[in-house]
Amino acid sequence: MQTLHRKDPRQLAGESNPGLPYYIIFNEVKKKKKKLSSFRKIIFEALFFNILDIFYNMDAPQFSSIAGLREVVFVIQSQRNSFHVQQAERLRADLLLQTEELQESPPPILLLHTLSDSEGDWSILPSLPYFSSHFGKNSSWIMFLEEETNVKLEKLLTVLKKFVRRKEWFLGKPLHDDESTIIHHYAFAENPSSFKYPDFSAGWALSIPLINRLANKVQQEPLKSDFTIDLKHEVALYIWDEGKGPRLTAVPELCTLPENSPTAQHCATAVSTHSPLCGEPVTREDIFVAVKTCKKFHLERVPVVKKTWEKQASRLEYYSDHADPSIPTINLGVPNTDRGHCGKTFAILSRYVSSSVPKTDWLLIVDDDTLISLPRLQALLSCYDPREPVCLGERYGYGLGQGGYSYITGGGGMVFSREAVLRLLASGCKCYSNDAPDDMVVGMCLNAVQIPVTHSPLFHQARPEDYARDFLAHQIPISFHKHWNIDPVAVFSKWLNDSDSSAERLSTRLKEEL
């Protein structure tokens, strides 16, 4: 039990404080005890204030839970792209509508991408001092929501009232790894399932005492200039701090079930399990596909592409260090490198805007061991305007706590609008060497010309087994990467293969929703 810093009881009258009724009782008792000796009065008052401390610090909800939504700060993990701004504004409007229906005072609702011009805000940790300084005294919770999270405010408020607001809490729907994985740097290799981290889709919350302490830590100990790969896992690691901080507390009401599911009646949050679709899917002819390969993989990896998803593409070229007419491959005049491939990627970007290939709205660059569903990508791209500079895929970050940059990791597929490629090349930004990491150099260039990197969790840099099963359970994934220790054809068939009528089904769904 924490010791209460002593306040003059008269100060309590201006606060929502369980000690107030006991102060009134105390005064009444004192009136009847005027004849007590000074020594007995001192003993009496000491005992009374010890009792008051107990009541002030006790964990019963009637003493410690939040009074209403005004004590909850909602942070929508929004992005700068226009489609995502619309999604975030839609969620904000829904939250305000529910607040009005509940006759509550409107809570603060923040769009994460608007807090500052810092690229690192999406990684949450650099923003903790902002949350603490603006809400650390008058709020009880920071509730984080993804743009697609559906929230039932009345149920959420009931959930938060179960927890003592003066304690450090980290709430969410827990995920865990079944085996150690590269995307988590093989953490907890001896027992991967022992560490829980939140599924952001379900929403997650931090109590203000925890926010305040973490904000002080961020300010006193600068964040490491390192990679941000799987944000939800890295946030949980930072909070846990090798046992010095709280672990994630599982909240059953934070769900990733479909909103209308009969099993979601208890849920305060839910998600959409549909593939994103904002209009007619873009046509196959609107996407130019560039596959990066090299001679040593012509017989090993290229046949997998041909056996799985190549037939879904209308316009596709293979780029290699060796021209092989049987595939066919195109030699761009860039020597193969063991890693990086920056020279090859920039040569592809230049070729894309030349007269050598058909003019399309979209460019997809993948590796020869990328597994992808082009029909699902066609549906997703219906949500984006190719007249805007769009760079889309699985977003990673480097040095975000120290003014770094974001980038689309190449293995899961990098999607560019034509406008993004034109602006990127016009900037004069280029590789510092042929074997520089292409995705990171592209990210630096995009950052320099202020083109936002847009994240989609449907792209995956690794294999399905490298992700938590519950995380994939509510997704319709677009891509995976790597053939290591798997049967890539079987993985494609299980996770990514749609029937030939998939585009027709998407069109039918659109008409039903309209």
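Figured I'd write up the structure that's included with this text. From a predicted model like this one, the values you see are computed outputs, not experimental measurements.

Criteria and cut-off values
- Residue numbers restart at each chain and count upward from 1, following the sequence in its written direction.
- The model is predicted, so local features are restricted to residues of pLDDT at least 70 and side-chain atom pairs to those at 80 or more, both for listing and for counting; the totals for chains, interfaces and linings are taken over all residues.
- The side-chain figures draw on all heavy atoms in the structure; neither hydrogens nor water molecules are used.
- Lines fitted to C-alpha atoms define the axes, with helix axes restricted to the stretch in contact, and inter-axis angles between N-to-C directions lie between 0 and 180 degrees.
- Each helix is a run of DSSP H or I of at least 4 residues and each strand a run of E of at least 2, with the numbering of both proceeding from the N terminus.
- Angular relationships are summarised with four words: roughly parallel below 35 degrees, roughly antiparallel beyond 145, roughly perpendicular across 65 to 115, and oblique for the angles in between.
- Note on convention: near helix rotated counterclockwise from far helix by under a right angle means a left-handed crossing. Clockwise means right-handed.
- In what follows, residue pairs with any heavy atoms lying within 4.5 Å of each other are defined as contacts.
- Pairing between two strands requires that DSSP report at least two bridges joining them.
- Patch membership requires over 30% relative accessible area and the absence of a salt bridge. Like charges are linked within 9 Å, and nonpolar side chains (Val, Leu, Ile, Met, Phe, Trp, Tyr) within 5 Å.
- What sets the accessible areas is the Shrake-Rupley method with a 1.4 Å probe; for residues, cover comes only from the shown protein chains.
- We count a salt bridge whenever a side-chain nitrogen from Lys or Arg sits within 4 Å of a carboxyl oxygen from Asp or Glu.
- A positive count includes Lys and Arg, and a negative count includes Asp and Glu. His and the chain ends are not counted in either.
- Note on charges: their place is set at NZ of Lys, CZ of Arg, CG of Asp or CD of Glu.
- We call a set of buried residues a nonpolar core when its members are Ala, Val, Leu, Ile, Met, Phe, Trp, Tyr or Cys and they connect through side-chain atoms within 4.5 Å of each other.
- Between buried and exposed lies partly exposed: a residue is buried under 20% and exposed over 50% of the maximum accessible area for its type, with that area taken using a 1.4 Å probe on protein chains only.
- Classification of ring pairs rests on two measures: the distance between centres of Phe, Tyr or Trp rings, Trp counted by its six-membered ring, which must be within 6.5 Å, and the angle between planes, read as stacked under 30 degrees, edge-to-face over 60 and tilted in between.
- Only when the NZ atom of a Lys or the CZ atom of an Arg is both within 6 Å of the ring centre and within 35 degrees of the ring normal do we say a charge sits over the ring.

One way to put it is that helix α10 (residues 342–352) packs onto helix α13 (residues 438–448) with a least axis distance of 8 Å and a crossing angle of 55°. As judged from the angle between their axes, α10 and α13 are oblique. As α10 runs across α13, the sense of the crossing is right-handed. Here α10 contributes Cys-342, Thr-345 and Phe-346 to the contact with α13, which in turn contributes Asp-438, Val-441, Val-442 and Cys-445.

What follows deals with the sheet that holds strand β10 (residues 249–250). The six strands lie next to each other as β2-β1-β3-β8-β5-β10, forming an open sheet whose pairing is mixed. Where the open sheet ends on each side, the last strands, each with one partner, are β2 (109–111) and β10. Pairing geometry for strand β1 (residues 72–76) and β2, over three bridges, is parallel. By the bridge assignment, Ile-76 is partnered in β2 with Leu-111. Across the sheet, helix α6 (residues 153–160) is in contact with β1, β3 (141–145) and β5 (170–172); its angle to β1 comes to roughly 120°. Along the sheet, helix α7 (residues 208–220) makes contact with β3, β5 and β8 (204–207), crossing β8 at roughly 75°.

Moving on to unusual backbone geometry. With an omega of -10°, the peptide bond between Ile-327 and Pro-328 qualifies as cis. By the element assignment, Pro-328 lies in the loop between β14 (315–320) and β15 (329–331). Even without a glycine there, the phi angle at Glu-242 is positive, about 55°. Structurally, Glu-242 can be placed in the loop between α8 (231–240) and β10. Located in the positive-phi region is Gln-450, a residue other than glycine, with phi close to 60°. Examined against the element boundaries, Gln-450 turns out to sit in the loop between α13 and β22 (453–455).

Time to look at a negative patch on the surface. On the surface, a cluster of negative charge is made up of Asp-94, Glu-100, Glu-101 and Glu-259. For Glu-259, the location among the structural elements is in the loop between β11 (254–258) and β12 (269–271).

Judged by nonpolar contacts, the single largest core of 80 residues is most densely connected at Phe-131, Ile-142, Trp-309, Leu-364, Leu-377, Leu-381 and Tyr-384. Leaving out residues up to four positions away in the same chain, Trp-309 has contacts with Val-289, Val-291, Leu-316, Val-366, Thr-370, Leu-371, Ile-372, Leu-374 and Phe-492. Within the second largest apolar cluster, 28 residues are counted, among which are Ile-76, Phe-163, Ala-202 and Val-251.

Bringing the side chain of Gln-378 into the picture now. Along the chain, Gln-378 turns up in helix α11 (residues 374–381). In this structure, Gln-378 is in contact with Pro-281, Val-282, Thr-283, Arg-284 and Ile-287, ignoring residues within four places of it in sequence.

Here we come to the environment of Trp-495. Looking at where Trp-495 falls in the secondary structure, it is placed in helix α15 (residues 488–495). It is 8.7 Å that separates the C-alpha atoms of Trp-495 and Ser-479, two residues lying 16 residues apart in sequence. Non-local contacts of Trp-495, meaning those with residues more than four positions away in its chain, are made with Arg-376, Pro-464, Leu-472, Pro-477 and Phe-480.

Let's shift gears to the packing of aromatic side chains. Aromatic ring pairs: the centre-centre distance and the angle between the two ring planes describe each pair. One pass over the structure, following the stated rule, counts 19 aromatic pairs. Relative to Trp-204, the ring of Phe-170 has its centre 6.3 Å away and its plane inclined at 75°; by these criteria the two rings are edge-to-face. Taken together, the positions of Phe-170 in strand β5 and Trp-204 in strand β8 put the pair 34 residues apart, joining distant regions of the chain. On the basis of relative accessible area, Phe-170 is assigned to the buried category, the value being 1%. Residues Tyr-396 and Tyr-407 carry aromatic rings whose centres are separated by 6.0 Å and whose planes lie at 80° to one another, so their mutual orientation is edge-to-face. Residue Tyr-396 is found in strand β19 (residues 395–398), and its partner Tyr-407 is found in strand β20 (residues 405–408); the two are separated by eleven residues along the sequence. Summarising the burial analysis for this pair, Tyr-396 and Tyr-407 share the class buried. Aromatic rings pair up to connect Tyr-130, Phe-131, Phe-144, Phe-170, Phe-200 and Trp-204 into one cluster. Residue placement shows Lys-217 over the ring face of Tyr-238; its charged tip is 4.1 Å from the ring centre.

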